[in-house]
Amino acid sequence: MDRLQALQHWAAQQLGGDALDIAPVSADASFRRYFRVASIEGGVKGRDYIVMDAPPAHEDCRPFIAVAKLFGDAGVHVPQVLASDLEQGFLLLTDLGNTTYLSALNENSARALYLASNDALIRIQQASRPGVLPEYDRALLTRELMLFPEWYVTKHLGVTLSEEQSGHLHTVFERLLANNLDQPQVFVHRDWHSRNLMVSDPNPGILDFQDAVYGPITYDLASIYRDAYIEWDEEHQLDWVIRYWEKARAAGLPVRADFGDFWRDFEWMGAQRHIKVLGIFARLYHRDGKDGYLKDMPLVMRYLRKVCERYIELKPLFHLLEELEGK
């Protein structure tokens with residue numbers, strides 16, 4: 001309560017007025033919380049803003065501020081940082097509304113929403129240059145993969161891998177890493193999916209970009225078209241990814257010249273991400289007491305199993321997943 005009172009006091013100072021209207025908007029998988037606020041003057045409510053609460057002991061607001069400027073300068077729609085208090089961990093932001101892609105996506109709306117997201121992603125990638133964002137290097141990719149045996153296999157399933165099983169897992173991890181690191185490098189949002197894109201004008205509004213890195217060009221595509229929160233058949237995925245690939249080539253981005261090679265990169269990048277996500281969802285439940293992501297695990301596992309079954313190089317992981325599920 002003390003922290004909420006401090007946030008209310010700070011927001012009131014920024015907005016003025018004789019009262020403040022404040023309501024929680026969301027909390028994400030981190031320690032950050034978001035509130036929608038507006039000043040009230042003479043009984044009349046002003047425009048809405050968002051206040052981010054990011055406790056400094058756990059979160060650093062500076063990457064959010066830096067990436068907001070970086071992506072905004074690239075010409076995409078991100079919240080503007082209107083005021084900040086880094087010591088307390090408060091940011092005052094413009095409000096991109098409350099309609100997520102996830103809540104708006106259906107058979108009728110999907111094509112227009114996803115093609116708009118492709119256009120925004122290409123604008124971000126066109127602004128790419130090394131040395132600006134942290135590198136999505138071998139060490140970081142490996143740390144993410146290792147969340148799977150630690151949190152999903154050992155903690156969530158309660159299984160201790162045999163030496164042979166660990167060897168198979170390591171072999172597949174090395175193959176995935178070799179592919180991921182061989183891909184052309186661009187700015188990567190890193191959580192480019194239906195919960196972080198907002199239906200707005202211009203479309204989409206983009207949130208949760210503070211962990212952006214410089215890494216594989218297919219990563220954000222795998223995030224959105226192999227989304228943990230909504231599933232589309234492969235025909236739709238192919239259509240939207242091909243449309244991205246055609247526009248990216250026309251824009252001069254370093255995509256593979258052959259779409260078959262690009263699709264393979266997309267699928268292998270997706271496998272890396274889904275291995276990581278299973279570990280993260282398990283950690284959120286067992287370490288942080290957040291069980292809301294458990295329901296999303298089966299879809300993530302279906303994505304991973306399908307790709308591992310499709311490529312002979314990844315088959316050892318497919319067989320391991322079969323063993324873990326007792327089949």
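Placed above this text is the structure.
Residues numbered from 1 in each chain as written. Predicted model: local features only at pLDDT ≥ 70, side-chain atom pairs only at ≥ 80, totals over all residues. Heavy atoms only, no water.

Peer 1: So what about helix α8 (residues 234-250)? Which residues, and what values?
Peer 2: The end-to-end C-alpha separation of α8 is 24 Å, in line with the 24 Å expected for 17 residues at 1.5 Å each. Against α4 (110-126), α7 (219-225), α9 (259-286) and α10 (297-310) lie the buried residues of α8. (Helix = DSSP H or I, 4+ residues; strand = E, 2+ residues; numbered from the N terminus. Expected span 1.5 Å × (residues − 1). Contact = heavy atoms within 4.5 Å.)

Peer 1: Account for the packing of α4 against α8, with residues named and values stated.
Peer 2: In a pair of packed helices, the angle between the axes and the distance between the axes together describe the arrangement. Where α4 meets α8, the axes come as close as 10 Å, and the angle between the chain directions of the two elements is 35°. By crossing handedness, the relation of α4 to α8 is classed as right-handed. When α4 is examined against α8, the residues Ala110, Arg111, Tyr114, Leu115, Asn118, Asp119, Leu121, Ile122 and Gln125 are found in contact with a partner set consisting of Trp240, Arg243, Tyr244, Lys247 and Ala248. Taken together, the residues that form the contact of α4 with α8 break down as eight nonpolar, two polar and four charged. (Axes fitted to C-alpha atoms, helices over the stretch in contact; angles between N-to-C directions. Left-handed = near helix turned anticlockwise from the far one by under 90°. Nonpolar A, V, L, I, M, F, W, Y, C, P; charged D, E, K, R; others polar.)

Peer 1: So what's going on with the packing of aromatic side chains? Residues and values would help.
Peer 2: For the structure on display, the rule yields 19 aromatic pairs. Ring geometry for Tyr244 and Phe262: centres 5.9 Å apart, planes at 20°, overall stacked. Taken together, the positions of Tyr244 in helix α8 and Phe262 in helix α9 put the pair 18 residues apart, joining distant regions of the chain. Geometrically, the ring pair formed by Trp245 and Phe259 is edge-to-face, given 5.3 Å between the ring centres and 65° between the ring planes. Taken together, the positions of Trp245 in helix α8 and Phe259 in helix α9 put the pair 14 residues apart, joining distant regions of the chain. Both residues of the pair, Trp245 and Phe259, count as buried. Through pairs of rings, three or more aromatic residues link up here, namely Tyr244, Trp245, Phe259, Phe262, Trp263 and Phe266. The ring centre of Tyr229 lies 3.8 Å from the NZ or CZ of Arg195, which sits over that ring. (Phe/Tyr/Trp six-rings, centres within 6.5 Å; stacked < 30°, edge-to-face > 60°. Buried < 20%, exposed > 50% of the residue type's maximum accessible area, 1.4 Å probe, protein only. Lys NZ or Arg CZ within 6 Å of the ring centre and 35° of its normal.)

Peer 1: Mind laying out unusual backbone geometry, listing which residues take part and the relevant values?
Peer 2: Put simply, Asp201 and Pro202 share a cis peptide bond, and its omega is 0°. On the secondary structure map, Pro202 appears in the loop between β8 (197-198) and β9 (205-206). Here the amide bond leading from Asn203 into Pro204 is cis, since omega sits at -5°, within 30 degrees of zero. Its location among the elements puts Pro204 in the loop between β8 and β9. One non-glycine residue, Arg190, lies in positive phi territory at about 90°. As for its placement among the helices and strands, Arg190 is situated in the loop between β7 (185-188) and β8. For Asp208, which is not glycine, the phi torsion reads 55° and is therefore positive.

Peer 1: Give a description of the pattern of salt bridges that names residues and reports values.
Peer 2: This model, assessed by the stated rule, comprises 28 salt bridges. In this structure, Asp191 and Arg273 form a salt bridge, with 3.6 Å as the shortest nitrogen-oxygen distance. Separated by 82 residues along the polypeptide, Asp191 in the loop between β7 and β8 and Arg273 in helix α9 bring together distant segments of the chain. In this structure Asp191 comes out as partly exposed when scored by relative accessible area, which is 23%. A relative accessible area of 7% places Arg273 in the buried class. A single network of salt bridges, built from pairs that share partners, joins Arg226, Glu234, Glu267, Lys306 and Arg310. (Salt bridge = Lys/Arg side-chain N within 4 Å of Asp/Glu carboxyl O.)

Peer 1: Would you mind going over the side chain of Arg190 in detail, with residue names and values included?
Peer 2: Here Arg190 falls in the buried class, since its relative accessible area comes to 16%. In this structure the side chain of Arg190 is engaged in a polar contact, spanning 2.8 Å, whose partner is the side chain of Glu144. (Polar contact = N/O pair within 3.5 Å; in protein donor to acceptor, adjacent residues only side chain to side chain.)

Peer 1: Report on the packing of helix α6 (residues 163-182) against helix α11 (residues 315-324), specifying residues and quantitative values.
Peer 2: Closest axis-to-axis distance for the α6/α11 pair is 9 Å, and the angle between their directions is 140°. Relative to α11, the element α6 is oriented oblique. Seen from above, α6 lies across α11 with left-handed handedness. For the pair α6 and α11, the contacting residues are Gln165, His168, Leu169, Val172 and Arg175 in the first and Pro316, Leu317, Leu320 and Glu323 in the second. Residue composition of the contact of α6 with α11, by class: five nonpolar, two polar and two charged. (Parallel < 35°, antiparallel > 145°, perpendicular 65-115°, else oblique.)

Peer 1: Outline the nonpolar core, supporting the account with residue identities and numerical values.
Peer 2: Grouped together as the largest cluster of nonpolar side chains are 95 residues, with contacts concentrated most on Phe71 and Tyr244. With 13 residues, the top contributor of residues to this core is α9. One finds Trp10, Phe35, Tyr49 and Phe90 within the second-largest nonpolar core, a separate group that totals eleven residues. (Core = buried A, V, L, I, M, F, W, Y, C linked by side-chain atoms within 4.5 Å.)

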